[in-house]
Amino acid sequence: MAIAVVLATVGFGGRRAVWESRRTWGEEDEVRNSVESRSVVINHGIPTGTIHRMKTAAAEFFKLPAQEKKKYPYDPNVLEGYGTPYPLSENESVDWSSALFLRLSPIQQRKLELWPTTPPELKDTVEAYSAEVAKVNKKLLGCLSLIMGMERNALFELHEEMSMLLRVTYYPTCCMPDQVLGLGPHSDASSITLLAQDDDVTGLQVLHDGGWVPVKPIPNALVVNIGDVMEIWSNGRYKSIDHRVVTTVEKARTSYASFVAPHKDVVMEPLEQMLDAQHRHGMYHKVKYENYLKYVLHRKLEGKAHMAKYTI
Ligand code: OGA
Ligand code: NI
């Protein structure tokens, strides 16, 4: 069976971007429009075994006793480690999840003391997954660059030093799913996010026309989210997607989000290529990625409210 990358989901703000990028992916016969999810599905080429091994290793880690997992406490300065790193949401309820953050790249910036040594294969399996997901990222950014009227490597180079962070999130079962969220509404502080998820539990929802639409898992697929960085670079043509995670009574769920981001010193602003007769001026203020990230990480999760600061 073809492994698929879901390049756009229902109501996904950058659906057009990703839909259009299908033309430049170069494997037309792997492209199909999934009726059920109204998604574009493309072969991403990550071996199923690589995804499977990472999921198994992560499951082993989350099964460990709390005191074992706490040996790798989340460090907000390096954005790595285990914990519940987001600030409390509006009603001060804690999100019903815990997460393990690991830096995929740049490799030399990894804080390996925050990488769990149990199970022993975790490091190598994450490493293998990281190499694969980096390839998909490069290819996808290439496609997006082309549809934005730039050279294939333009977006890749705009990141200057590509940063990739993996967030493995475990959402336990919850007996009050209508009152407790797994993760509050937000858009990602990334250029794009590549998300692998469990095949058999639906938890992720995207905001579409004022309502929350579930993103049903497609086995071995990657969901691609457009993040705030792409929204700014594209001058609002490709909007970041407001999404959240709900809890379920029946089954725990795990997701694996790889956040792609530029170097912290990169100054983000609408790209010249995105200015046209209709949008002659940039619709976003210039902002250094580091400053934007600090602002976002200290806020409660309130959908896309944080973007007001950067919108003209
Ligand atoms: C995130 C996120 C979605 C999920 O980590 O930013 O949106 O399905 N995760 O867990
Ligand atoms: Ni997210």
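Residues numbered from 1 in each chain as written. Chains lettered and ligands numbered in written order. Predicted model: local features only at pLDDT ≥ 70, side-chain atom pairs only at ≥ 80, totals over all residues. Heavy atoms only, no water.

**Quick notes on helix H2 (residues 48-63)**
- The end-to-end C-alpha separation of H2 is 23 Å, in line with the 22 Å expected for 16 residues at 1.5 Å each.
- Taken as a whole, H2 has its buried residues at Thr50, Ile51, Met54, Lys55, Ala57, Ala58, Phe61 and Phe62. For H2, the angular spread of the buried residues around the axis is 165°, confining them to a single face. For H2, the exposed residues lying more than 90 degrees away from the buried face are His52 and Lys63. (Helix = DSSP H or I, 4+ residues; strand = E, 2+ residues; numbered from the N terminus. Expected span 1.5 Å × (residues − 1). Buried < 20%, exposed > 50% of the residue type's maximum accessible area, 1.4 Å probe, protein only. Arc of directions from axis to C-beta.)

**Focus on the sheet that holds strand S10 (residues 211-214)**
- One open sheet holds the four strands; their spatial order is S7-S12-S9-S10, and the pairing between them is antiparallel. With one partner strand each, in any of the chains shown, strand S7 (181-186) and S10 form the two edges of the open sheet. Direction aside, neighbouring strands of the sheet carry axes that sit 30° apart on average.
- When strand S9 (residues 204-208) meets S10, the two strands line up antiparallel, connected through four bridges. Within S10, the position partnered with Val206 by the bridge is Val213. (Pairing = 2+ DSSP bridges. Axes fitted to C-alpha atoms, helices over the stretch in contact; angles between N-to-C directions.)

**What to know about the packing of aromatic side chains**
- Scanning the model with the defined rule gives nine aromatic pairs in all.
- Residues Phe61 and Phe62 carry aromatic rings whose centres are separated by 5.4 Å and whose planes lie at 80° to one another, so their mutual orientation is edge-to-face. Residue Phe61 shares its accessibility class with Phe62, and that shared class is buried.
- Taken together, the ring pairs in this structure connect Phe61, Phe62, Tyr72, Tyr82 and Tyr170 into an aromatic cluster. (Phe/Tyr/Trp six-rings, centres within 6.5 Å; stacked < 30°, edge-to-face > 60°.)

**Description of empty space enclosed by the protein**
- Per the counting criterion, the structure on display carries three cavities of 30 Å³ or more.
- In this structure, the largest cavity spans a volume of roughly 140 Å³.
- Along its surface, the largest cavity is lined by 16 residues, and Tyr171, Leu183, Leu195, His243 and Ala257 are the ones closest to its centre.
- For the lining of the largest cavity, the secondary-structure elements that each account for two or more residues are strand S6 (163-171), S7, strand S8 (192-197), strand S12 (243-246) and strand S13 (253-261).
- Considering every element that reaches the lining of the largest cavity, the biggest residue donor is S13, with four residues.
- A per-class count over the lining of the largest cavity returns seven nonpolar, six polar and three charged. (1 Å grid on protein atoms, 1.4 Å probe; cavity = no way out; pocket = protein on both sides within 12 Å on 5 of 7 lines; lining within 4 Å. Points joined across faces, edges and corners; volume = space filled by probe spheres on them. Nonpolar A, V, L, I, M, F, W, Y, C, P; charged D, E, K, R; others polar.)

**Structural notes on the coordination of the nickel ion (ligand 2)**
- For the nickel ion (ligand 2), the full set of protein donor atoms is His186 (NE2), Asp188 (OD) and His243 (NE2), and the range of their distances to it is 2.1 Å.
- One chain supplies every donor for the nickel ion (ligand 2), spaced along it as H-x1-D-x54-H.
- Judged by its relative accessible area of 4%, Asp188 falls in the buried class. (Donors = N, O, S within 2.8 Å, 3.2 Å for Na, K, Ca; no water.)

**With respect to the pattern of salt bridges**
- For the structure shown, the criterion picks out 13 salt bridges.
- Salt-bridge contacts for Glu113 lead to Lys111; the nearest nitrogen and oxygen are separated by 3.7 Å.
- Note that Lys135 is salt-bridged to Glu132, the shortest N-O span being 3.5 Å. One end of the pair, Lys135, and the other, Glu132, are both in helix H4 (residues 122-147), three residues apart, so they sit about a helical turn from each other.
- For Lys135, a relative accessible area of 54% translates into the label exposed. (Salt bridge = Lys/Arg side-chain N within 4 Å of Asp/Glu carboxyl O.)

**Remarks on the site of ligand 1**
- Around ligand 1, the structure places Arg167, Tyr171, Leu183, His186, Asp188, Leu195, Leu204, His243, Val245, Arg253, Ser255 and Phe259.
- Here an oxygen atom of ligand 1 sits 3.2 Å away from a polar atom, N or O, in the side chain of Arg167.
- Contacts to ligand 1 include Arg253, whose side-chain N or O atom sits 2.8 Å from an oxygen atom.
- Here ligand 1 loses 99% of its free accessible area of 290 Å² to cover by the protein chains. (Near = heavy atom within 4 Å. Polar contact = N/O pair within 3.5 Å; in protein donor to acceptor, adjacent residues only side chain to side chain. Areas by Shrake-Rupley, 256 points an atom, 1.4 Å probe, with all protein chains shown as cover.)

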